Amino acid sequence: QGQLVESGGGLVQAGQSLRLSCTGTANIFSFNAMGWYRQAPGKQRELVGLRTSGGNINYADSVKGRFAISRDKAENTMFLQMTSLKPEDTAVYLCYGQIGTIEGYRDFWGQGTQVTVSS
């Protein structure tokens, strides 16, 4: 449990790269699932990539091969490495974590960081 805080968003040119970070006030490695979502104006929030308890990472088809999720235990941080960015990647990117509780699985969200890709 705890807060999730994203950082690293900004304005980049199409084809460039950007890395987002998500830091938790608690131990993020206690989450059974962690990942990234994004939401563009007027569109529904969509999954970018999700790391499940088995360690496998599922990526949306739209970002597969371009985005990668990684974690750094020492920094208690999860990263979203984005390459070959496209204008359609423009969105607010949200860090997500899930933990099991006696009530069931509980979801945690960051407030989001804006990524804007210019053509």
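Scroll up for the structure.
Residues numbered from 1 in each chain as written. Predicted model: local features only at pLDDT ≥ 70, side-chain atom pairs only at ≥ 80, totals over all residues. Heavy atoms only, no water.

Asks: Outline the sheet that holds strand β3 (residues 18-24), supporting the account with residue identities and numerical values.
Replies: What the four strands build is an open sheet, ordered β1-β3-β8-β7; its pairing is antiparallel. Taken across any chain shown, the strands that pair with only one partner, and hence form the sheet edges, are β1 (4-7) and β7 (67-72). Each strand of the sheet is rotated relative to its neighbour by a mean of 20°, with strand direction disregarded. Sheet topology places β7 next to strand β8 (residues 77-82); six bridges connect them, and they run antiparallel. Within β8, the position partnered with F67 by the bridge is M82. (Pairing = 2+ DSSP bridges. Helix = DSSP H or I, 4+ residues; strand = E, 2+ residues; numbered from the N terminus. Axes fitted to C-alpha atoms, helices over the stretch in contact; angles between N-to-C directions.)

Asks: Give me the pairing of strand β11 (residues 113-118): which residues, what numbers.
Replies: Regular strands place side chains that alternate from one sheet face to the opposite one. In β11, alternate side chains face the same way, and those of T113, V115 and V117 are buried while those of Q114, T116 and S118 on the opposite face are not. As defined by bridge partners, strand β2 (residues 10-13) adjoins β11 across four bridges and the pair is classed as parallel. Counted as the bridge partner of G10 is V115 from β11. Two elements, strand β9 (residues 91-101) and β11, share three bridges in a ladder whose sense is antiparallel. (Buried < 20%, exposed > 50% of the residue type's maximum accessible area, 1.4 Å probe, protein only.)

Asks: Lay out unusual backbone geometry in plain terms, naming residues and giving numbers.
Replies: Most of the time, phi is negative for any residue but glycine, and the peptide bond is trans. A positive phi angle, near 50°, is found at N76, a position not held by glycine. The phi angle at S84 is positive, at roughly 50°, despite the residue not being glycine. Looking at the element boundaries, S84 is found in the loop between β8 and β9. On the accessibility criterion, S84 (39% relative accessible area) is partly exposed.

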